[in-house]
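One letter stands for each residue in the lines below.
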Number of protein chains: 2
Amino acid sequence: MRRWNGWADESRHPTLPPSALRLIEAELGPGRPTSDAVLADVVAAVPASRLQPNSLISLDPEDRVRHATGQSLPDWIALRSGRLRSVPDGVARPATNDDVRALLAWAGSSGAKVVPYGGGTSVVGGIGGAGWGNSRHPTTHQPILTIALERLARLRTLNERSGLATFGAGTTGPDLEEALRPHGLTLGHFPQSFERSTLGGWVVTRSAGQQSLGFGRIEALFAGGRVEAPAGTFELPPHPASAAGPDLRQLVLGSEGRLGVLTEATVRVVPRPAREAFPAWFLPDWSHAIDAGRAIGRAGLPLSMIRVLTPLETATLLALAGESRSMGLLRRYLGFRKMGPETSLLLVGASGTDRLVEAAVREVGPLVRREGGVAVGGSIGRRWIANRFRSADLRDALWEAGYALDTLETAIDWSRLPALAAAVERALSAGLEDLGERVLAFSHLSHVYPSGSSLYTTYAFRSTADPDETLARWRRLKGAASRAIVDAGGTITHQHGVGRDHAEYLVAEKGELGMAVLADLAHRFDPDGIMNPGVLLRGEP
Amino acid sequence: MRRWNGWADESRHPTLPPSALRLIEAELGPGRPTSDAVLADVVAAVPASRLQPNSLISLDPEDRVRHATGQSLPDWIALRSGRLRSVPDGVARPATNDDVRALLAWAGSSGAKVVPYGGGTSVVGGIGGAGWGNSRHPTTHQPILTIALERLARLRTLNERSGLATFGAGTTGPDLEEALRPHGLTLGHFPQSFERSTLGGWVVTRSAGQQSLGFGRIEALFAGGRVEAPAGTFELPPHPASAAGPDLRQLVLGSEGRLGVLTEATVRVVPRPAREAFPAWFLPDWSHAIDAGRAIGRAGLPLSMIRVLTPLETATLLALAGESRSMGLLRRYLGFRKMGPETSLLLVGASGTDRLVEAAVREVGPLVRREGGVAVGGSIGRRWIANRFRSADLRDALWEAGYALDTLETAIDWSRLPALAAAVERALSAGLEDLGERVLAFSHLSHVYPSGSSLYTTYAFRSTADPDETLARWRRLKGAASRAIVDAGGTITHQHGVGRDHAEYLVAEKGELGMAVLADLAHRFDPDGIMNPGVLLRGEP
């Protein structure tokens, strides 16, 4: 079971290797661990539910606490300090589409708001309910009904000839791949949250898996599905492509629970690749690394992944890898090849037949060498693949050492990327200067496109004994970075979604007319505005 | 200059090879050519414009006739017979976004409806104005202002580092590629209408170029742009990807002029491929050919095109190729390899570096051989490429020989494709049986996807001296085929758009809630409902 106030399983006890702890202490000063609230105390303090008993709904206080938040940093601070401003009044676990319709009707007639809950992994405040997670917004006066989708979680139909698989929207990543494996099939969608997040969550937040370059973002994989909305049932047929007017799938994608509950999704699945390779190169510096990533991205090669790390993230990755013999050899080799402290790692993935994987990787070599790159083989890539879902656990370990860690991300065209990356890191690094606190910020390009790239930035700062002060520090950093992104012309989110944390920046991308379209859309599906309040759109139309 | 009442240039005089004419005569009986109306007579009959003079607007009757229709079969019958039910009251040629805004404001205050005009190549009645092209709907009582985009037709900015090119929306295919060529770049979007259709038209109708498998459908190429709408200016930033809520680009894509005038579009352009190859195979029959196309489509190979022809379309293609020596050799070779009258052609395209093209094509071979396929090299593919924009000219030649020709298309998943193809061809072939008239119908898969395929069907029947009777025959055939498509679960259009001809079938795909969303959207951009009346959405909200 997942710990109630963190990311990792209760059975896992993530620790930082000494080399990583030394690095972070050197950057930020010693951490001052705070003590966590105890679950039993938090549960005991939960107010009485305002909902009438209903056979489909659990009113159990612990259940309600465990569904109160996602995994944003404000959520974490609330959980770790035990200062949850609100918890849902009940948690429903529908087993059928009919159950969902009945719950929506019941909520409508009870004056309750409805919050859909998939894996609970939103890092942007995507789990609705005004006032949760120490938000500045007032607590809602209406009761909140959370609809958890964990029982809508199996393979419903598989059309093997077409490669179309229909799953309940609450299916988690591992369960989804497990159901496809006996058929030799895969979805190939592997976000970092893969182990906990759900298909429905991926769809409504426009998730990008780590190998989206090859398998496609969830927008490409989501063929159709079914939304139960207050205004009725909305079905999307799984055509392979269509020119029949605007694509309404693209309105469900990114709708973040505001339209209704996505109960099932049909996805395009493909044969499992015969081979995968993840070769790595080191580049002399960040600028050459960007140029290499851009050259590969623009070459249109059949790759599944291109990742490019800043020097500081490269150093951090090497520090996290610890002091093994093979890491010592790698460092000596990099020194021999004159790769200094500015060296930047570039990691590529290829999936397919032996011949195609080999051909694709052979095309990459000259493009990297032209930028001064040095090949280091497949061991770094194998280590990365082995740990790719576990690195989020480090957030628990860092918190327990006295450091708060958050990530943010954007995307922009190639020509504006270097300035954007510098502006974001500068906004974060200098964000707490007047408090005499330093911030560690480093970035990588996680998704490279022909016309530009995503930028994914990790930042850490010291938490304090006062959760309000820790939250205030986060607000300043998040605000400064978000403004830097919008000012530089980036999207406010490439892969995490909008939630509450990005809602105020959405207008910069959509414009006033676009925001009005989104409000019209929400109103059409949900005329009384009961769905996932406070998320995506700030107010009601 | 394009002929006023057909497809081909006035300088081109398309003719049918004798072998093709024999085939069609054998199938349909001898054609009875009808005589065309004369342009001068049609122009002389044009009613006076109902618009006030305006320096931006031409009221010239010939100008108005030349912008009265697209290229649908009802449009053709109207043009060839000279029985245009209505022509626009004026044709504006704005040179700037400001001009467009001024024209929209002027139209709004004049009580005029507005029809955007790109290349005039819609084959589904996409050029608005109720009552045109012998539609059953009554003529509008308001004057119609056509906004032709031919002066918004150049490369505005090129961001070479990012591969982002911003063009005026009226740029035609050849002008667009010509502007990119000196930079070593291409958009790679080659619909059959390439020589005449425009970037803006591609975007608002969700066009699929012939090599979309490699370069992407226009949905993937359209990064952002600008719509001038009655309600204001709507701008879409060209992010490489975004998770910031529903994707509003996808509402402009497919909007068919109902939201406003798309004045400029930013597209993702890529380096011109070093090499292209178009190898061909023959399969024993249609069923094996489908299986081969499916196997290739599901293998995720880096190909730019997969086309699969029914036996009848294969025979027609061979007949159209005439009686050259190389065709004789091919026929003898196919006989030697025991490919009989049921043989089906499969054509594949690959674009990229030498190594990747070779690797991709080598992966195709075993998949085709498993279905009994026989490779015939690159000559058929080269011939196809050389003629790919000219085959539409044959419609002129057939008309002049007394035959009406139309095409329709859909897409569906692999498991339902064979039944859909059979149902469509049956609906067409038997559609005029009670009149004692035969119909020639044949199909190919033009766009193959991992989960399914498009189906593109060509059909021909004899025209009559009475244009109303020819139109009535078309209505019966189009209706029967459209119902067959919808009943079998296909999309009503994979690549041509909705226009007037498909509007009544759209609800089958979008549902009532979806249709309400589209009406809300149109109302938000165009509150008074002046844009492109009768197209996409049947009535006003």
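Quick notes on the rules
Along every chain, residues carry numbers that run from 1 in the direction the sequence is written. Each chain is given a letter, starting from A, and each ligand a number, starting from 1, according to the order in which they appear as written. Local features are withheld for residues below a pLDDT of 70 in this predicted model, meaning they are given only at 70 or higher, and side-chain atom pairs are given and counted only at 80 or more; totals for whole chains, interfaces and linings count all residues. Two strands are said to pair when DSSP picks up at least two bridges between them. Each helix corresponds to a stretch of at least 4 residues labelled H or I by DSSP, and each strand to a stretch of at least 2 residues labelled E; elements are numbered beginning at the N terminus. In this description, any two residues whose backbone-derived C-beta atoms lie within 7 Å of each other are considered to be in contact. Note on definitions: angles span 0 to 180 degrees between N-to-C directions of axes, and those axes are lines fitted to C-alpha atoms, for helices only across the stretch in contact. Under the scheme applied here, ten amino acids are nonpolar (Ala, Val, Leu, Ile, Met, Phe, Trp, Tyr, Cys and Pro), four are charged (Asp, Glu, Lys and Arg), and all others, including Gly, are polar. Values of pLDDT, which run from 0 to 100, indicate the predictor's confidence residue by residue. Each copy is superposed on the other by least squares, with the fit set by C-alpha atoms of residues at a pLDDT of at least 70 in both. Backbone-placed C-beta atoms define the burial measure: a residue is buried with 20 or more other C-beta atoms within 10 Å of its own, exposed with 12 or fewer, and partly exposed in between. Each angle is binned into one of four classes, with values under 35 degrees roughly parallel, values over 145 roughly antiparallel, values of 65 to 115 roughly perpendicular, and all other values oblique.

Caption draft 1: Geometry of the sheet that holds strand S4 (residues 144-148) of chain A. All names here are of chain A. Taken together, four strands build an open sheet; the order of strands is S1-S2-S4-S3 and the sheet is mixed. Taken across any chain shown, the strands that pair with only one partner, and hence form the sheet edges, are strand S1 (57-58) and strand S3 (113-117). Summarising the sheet, strand S2 (residues 90-92) and S4 pair through three bridges and their orientation is parallel. What sits directly across from Val-91, in S4, is Thr-146. Packed on one face of the sheet, helix H5 (residues 97-110) meets S2, S3 and S4 and runs near 175° to S4.

Caption draft 2: Examining the interface of chain A and chain B more closely. At the interface, 78 residues of chain A touch 77 residues of chain B. Within the residue set of the side of chain A that touches chain B, elements represented by two or more residues are strand S9 (232-236), helix H10 (249-252), strand S11 (270-271), helix H14 (354-369), strand S17 (403-413), strand S20 (452-462) and helix H19 (506-525) of chain A. With twelve residues, H19 of chain A is the largest single contributor of residues to the side of chain A that touches chain B. Looking at the side of chain A that touches chain B, its residues break down into 34 nonpolar, 29 polar and 15 charged.

Caption draft 3: Representation of the confidence of the model for chain A within the structure. Residue and element names in this part refer to chain A. Looking at chain A as a whole, its pLDDT mean stands at 94, while 97% of the residues score no less than 70. The low-confidence segment residues 131-138 (pLDDT under 50) makes 27 contacts with residues lying over four places distant or belonging to another chain. At the level of chain-chain contacts, confidence expressed as ipTM amounts to 0.96, with global pTM at 0.96.

Caption draft 4: Spatial organisation of the environment of Tyr-403 of chain B. All names here are of chain B. Tracing the chain through its elements places Tyr-403 in strand S17 (residues 403-413). Separated by 374 residues in sequence, Tyr-403 and Gly-29 have C-alpha atoms that sit 10.0 Å apart. Other than its neighbours up to four places away in sequence, Tyr-403 contacts Ile-24, Leu-28, Gly-31, Leu-398, Ala-460, Phe-461, Arg-462 and Ser-463.

Caption draft 5: Spatial organisation of the relation of the copies chain A and chain B. Least-squares fitting of chain A to chain B yields an RMSD of 0.0 Å, with the transformation described by 0.0 Å of translation along the axis and a rotation of 180°. When the rotation and shift are considered jointly, the pair of chain copies conforms to a two-fold rotation axis.

Caption draft 6: Structural view of the sheet that holds strand S10 (residues 261-268) of chain A. All names here are of chain A. Reading across the sheet, the five strands line up as S5-S6-S10-S8-S9 and stay open at both edges, with antiparallel pairing between neighbours. Looking at the sheet topology across the chains shown, the edges are occupied by strand S5 (155-159) and S9. Between one strand and the next, the sheet's axes are offset by a mean angle of 10°, whatever the strand orientation. The sheet contact formed by strand S8 (residues 222-229) and S9 spans five bridges and is antiparallel. Residue pairing across strands places Ala-229 opposite Gly-232, the latter belonging to S9.

Caption draft 7: Looking closely at the pairing of strand S15 (residues 344-352) of chain B. Residues and elements named next belong to chain B. Across the nine residues of S15, eight count as buried, placing the element largely inside the fold. Of the pairings in the sheet, the one linking strand S12 (residues 275-277) to S15 comprises three bridges and is antiparallel in character. Paired with Arg-275 across the two strands is Gly-352, which belongs to S15. Examined bridge by bridge, strand S13 (residues 280-283) and S15 share four bridges and lie antiparallel to one another. Looking at the pairing, Trp-281 lines up with Leu-346 of S15. Bridge analysis of strand S14 (residues 305-309) against S15 gives four bridges, and the strand direction is antiparallel. When the bridges of S15 are listed, Met-305 appears paired with Gly-349.

Caption draft 8: Looking closely at the packing of H14 of chain A against helix H14 (residues 354-369) of chain B. One way to put it is that H14 of chain A packs onto H14 of chain B with a least axis distance of 10 Å and a crossing angle of 175°. In terms of their interaxial angle, H14 of chain A and H14 of chain B are classed as roughly antiparallel. The segment H14 of chain A lies against H14 of chain B, with Arg-355, Leu-356, Ala-359, Arg-362 and Glu-363 of chain A engaging Arg-355, Leu-356, Ala-359, Arg-362 and Glu-363 of chain B. Taken together, the residues of the contact of H14 of chain A with H14 of chain B sort by class into four nonpolar, no polar and six charged.

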